[in-house]
Amino acid sequence: MSIAIDADENGLELKRVLCGLLTERGAPFEDLAYLNSHQADYPDVALNLALQVQQGRFDRGILICGTGLGMAMVANKIRGVFAGTCHDAYSAERLRKSNDAQVICLGALVVGPESAKTIISAWLASEFQ
């Protein structure tokens, strides 16, 4: 499973934490770091990741902004990409198991680092049923 991860300015610190989690788990991932090479806001970051998931470059994606809501709205506009915002582990599990969503969105201003790790771990461990 290949994973893309990215964030807007509000999510950069949480992205760093989650990159550490993915590294610890040995999960293959790429930090797209869209803001490093572009003057952009959250819609641009979300669109970039969602298009790469649509094209099959990545199996799953993690997007982080202030609330996770805007990122999910943008990613869901891409045909064949399913995204949802999660603030708890059960929702993250259901996002995969019930909805086959490839993209999870988190709100760095809503979810703390330890909760985010639990949420992402639940999402990664879940498969569509």
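Residues numbered from 1 in each chain as written. Predicted model: local features only at pLDDT ≥ 70, side-chain atom pairs only at ≥ 80, totals over all residues. Heavy atoms only, no water.

Trainee: Even after reading the chapter, I still don't get unusual backbone geometry, so can you show me in this structure?
Mentor: For residues other than glycine, phi is negative in most cases, and the peptide bonds are mostly trans. Notably, A33 is not glycine yet its phi reads approximately 45 degrees, a positive angle. Its location among the elements puts A33 in the loop between β2 (29-31) and α2 (34-37). Positive phi outside glycine occurs at D100, with the angle close to 55 degrees. Residue placement: D100 occurs in the loop between α5 (89-97) and β5 (103-107). (Helix = DSSP H or I, 4+ residues; strand = E, 2+ residues; numbered from the N terminus.)

Trainee: How should I be thinking about the sheet that holds strand β4 (residues 83-85) in this particular structure?
Mentor: Two modes of strand pairing occur in sheets, parallel and antiparallel, and in both the strands are linked by backbone hydrogen bonds. Taken in spatial order, the five strands of this open sheet run β2-β1-β3-β5-β4, and their pairing is parallel. Single-partner strands in this sheet number two, and they are β2 and β4. Averaged over all adjacent pairs, the angle separating strand axes in this sheet is 20 degrees, with direction ignored. Sheet topology places strand β3 (residues 60-65) next to β5; five bridges connect them, and they run parallel. Bridge assignment links L63 to a residue of β5, and that residue is C105. (Pairing = 2+ DSSP bridges. Axes fitted to C-alpha atoms, helices over the stretch in contact; angles between N-to-C directions.)

Trainee: I'm lost on helix α6 (residues 113-125) in this one. Help?
Mentor: Side chains that are three or four residues apart share a direction in an α-helix, a result of its 3.6 residues per turn. In a regular helix each residue adds 1.5 Å, so 13 residues correspond to 18 Å; α6 covers 18 Å between its end C-alpha atoms and thus fits that length. Within α6 the residues assigned to the buried category are A116, I119, I120, A122, W123 and L124. Buried positions along α6 lie against β1 (3-7), α1 (12-25), β3, α5 and β5. (Expected span 1.5 Å × (residues − 1). Buried < 20%, exposed > 50% of the residue type's maximum accessible area, 1.4 Å probe, protein only. Contact = heavy atoms within 4.5 Å.)

Trainee: In this structure, what is going on with the environment of A7? I would like to understand it.
Mentor: Looking at where A7 falls in the secondary structure, it is placed in strand β1. Distance from A7 to S126, taken between C-alpha atoms, is 23 Å for residues 119 residues apart in sequence.

Trainee: Can you help me understand the pairing of β1 in this one?
Mentor: Regular strands place side chains that alternate from one sheet face to the opposite one. Most of β1 sits inside the fold, with five of its five residues counted as buried. Going residue by residue along β1, you find I3, I5 and A7 tucked away on one face and A4 and D6 tucked away on the opposite face as well. Across three bridges, the pairing between β1 and β2 is parallel. Looking at β2, one finds that A4 is bridged to E30. The parallel pair β1 and β2, bridged by α1, forms a crossover whose chirality is right-handed. In this sheet, β3 lies alongside β1 in parallel orientation, the contact comprising five bridges. (Right-handed = clockwise from strand over helix to strand, strands pointing away.)

Trainee: Whenever I open this one, helix α3 (residues 42-54) confuses me. Can you help?
Mentor: Counted at 1.5 Å a residue, the expected span for α3 with its 13 residues is 18 Å, and the 18 Å between its end C-alpha atoms agrees. Every buried residue of α3 is listed here: V45, A46, N48, L49, A50, Q52 and V53. On its buried face, α3 is in contact with β1, α2, β3, α4 (69-75) and β5.

Trainee: Looking at this structure, how should I read the state of the cysteines?
Mentor: Between two cysteines, a covalent bond joining their sulfur atoms is known as a disulfide. The final tally for this structure, using the stated rule, is zero disulfides. A disulfide-free cysteine, C19 has its sulfur positioned 15 Å from the sulfur of C105, the nearest such atom. With relative accessibility at 12%, the residue C19 sits in the buried group. (Disulfide = S-S within 2.5 Å.)

Trainee: When you look at the pattern of salt bridges in this model, what are you seeing that I'm missing?
Mentor: Note that side chains of opposite charge can pair when their charged atoms are close. Inspection of every chain in the model, using the stated rule, returns nine salt bridges. Between D31 and K15 there is a salt bridge, with the nearest N and O atoms lying 2.7 Å from each other. In this pair, D31 sits in strand β2 while K15 sits in helix α1, placing the two residues 16 residues apart along the sequence. Judged by its relative accessible area of 32%, D31 falls in the partly exposed class. Take K15: its relative accessible area is 7%, and that puts it in the buried class. Among the ionic pairs, D100 bridges to R96, the shortest N-O distance being 3.2 Å. With a relative accessible area of 6%, R96 lands in the buried category. Here the salt bridges share partners, and the residues they tie into one network are R60, R96, D100 and E127. (Salt bridge = Lys/Arg side-chain N within 4 Å of Asp/Glu carboxyl O.)

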